[in-house]
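# A look at the structure
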Amino acid sequence: MSNDEFRAALSRLAAGVVLITAQEPPLDEHGRGEDVGMTATAFMSVSLDPPLVMVSLRNDSRMDDLLAEQPLWAVSVLTQDQRQIAGRFAMKGRISDRLLFADIPLIRGEVTGAPLVGGALATLECRTEQRVQAGDHTLVIGRVLTASLPDTDGEPLTYFKGRYRHLG
């Protein structure tokens, strides 16, 4: 089986779209580290007790490198109206994350300090519990420290057959 055949088969599995965010440690004691974000579709609930979630990160990606050092991170479950945000943080060879966050309504996670997307369907703040190497990806399992359901009536953004979709 080729990589293309594998990718095509799994493109038939619809997935929710989330933005994973974290804050780099500050360069000195006077500053705040840069915000980093990444669009993910390989995200899932793992356990209710304790509350655990998992995200799959490409090895040696910026987010994989950051979460190897920074145990605190956050998740924003995106709405279909936030497709542009998903596309922006999924670009290859993109501009700096600071510019990507520039015009997005954000709030800071109370526990993690990570940016959370305003108007998201749900937001979670997490602390890494375990990292598992799996082929060319790392599975990061995080304990959910906070969960919030903003007052949003939007529909979820999904990814199916290589494109962002909406239900209905």
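A few points on the structure. (Residues numbered from 1 in each chain as written. Predicted model: local features only at pLDDT ≥ 70, side-chain atom pairs only at ≥ 80, totals over all residues. Heavy atoms only, no water.)

## Section: the nonpolar core
Here is the rule we go by: Nonpolar cores are built from buried Ala, Val, Leu, Ile, Met, Phe, Trp, Tyr and Cys residues. Side-chain atoms within 4.5 Å join them into one set. Exposure categories follow from relative accessible area, calculated using a 1.4 Å probe and restricted to protein chains: below 20% of the type maximum is buried, above 50% is exposed, and the middle band is partly exposed. The contact criterion used throughout is that any non-hydrogen atoms of two residues lie within 4.5 Å.
One finds Ile20, Val55, Met63 and Trp73 to be the most contacted residues of the largest nonpolar core, which totals 18 residues. If we skip the residues at most four places from it in the chain, Val55 touches Ile20, Met38, Ala40, Ala42, Phe43, Trp73, Thr138, Leu139 and Val140. Core analysis: the next-biggest nonpolar cluster, separate from the first, contains 13 residues, Ile85, Ala86, Phe89 and Tyr164 among them.

## Side note on the pairing of strand β3 (residues 35-40)
Selection rule: Helix and strand definitions here come from DSSP, where helices need a minimum of 4 consecutive H or I residues and strands a minimum of 2 consecutive E residues; each element is numbered from the N-terminal end. Two strands are said to pair when DSSP picks up at least two bridges between them.
For β3, the buried fraction is high: six of the six residues fall into the buried class. Burial of β3 is two-sided: the residues Asp35, Gly37 and Thr39 facing one way and the residues Val36, Met38 and Ala40 facing the other way are all buried. Across six bridges, the pairing between strand β2 (residues 18-23) and β3 is antiparallel. By the bridge assignment for β3, Thr21 is matched with Gly37.

## With respect to a nonpolar patch on the surface
Formally: Residues with no salt bridge and a relative accessible area higher than 30% make up the patches, which join like charges within 9 Å and nonpolar side chains (Val, Leu, Ile, Met, Phe, Trp, Tyr) within 5 Å. We get accessible surface area from the Shrake-Rupley algorithm with a probe of 1.4 Å; when it comes to residues, only the shown protein chains can shield them. Salt-bridge detection follows one rule: a side-chain nitrogen of Lys or Arg within 4 Å of a carboxyl oxygen of Asp or Glu.
A surface patch of nonpolar side chains, about 370 Å² in accessible area, is lined by Met1, Phe6 and Leu10. Residue position: Met1 is located in the segment before α1 (3-10).

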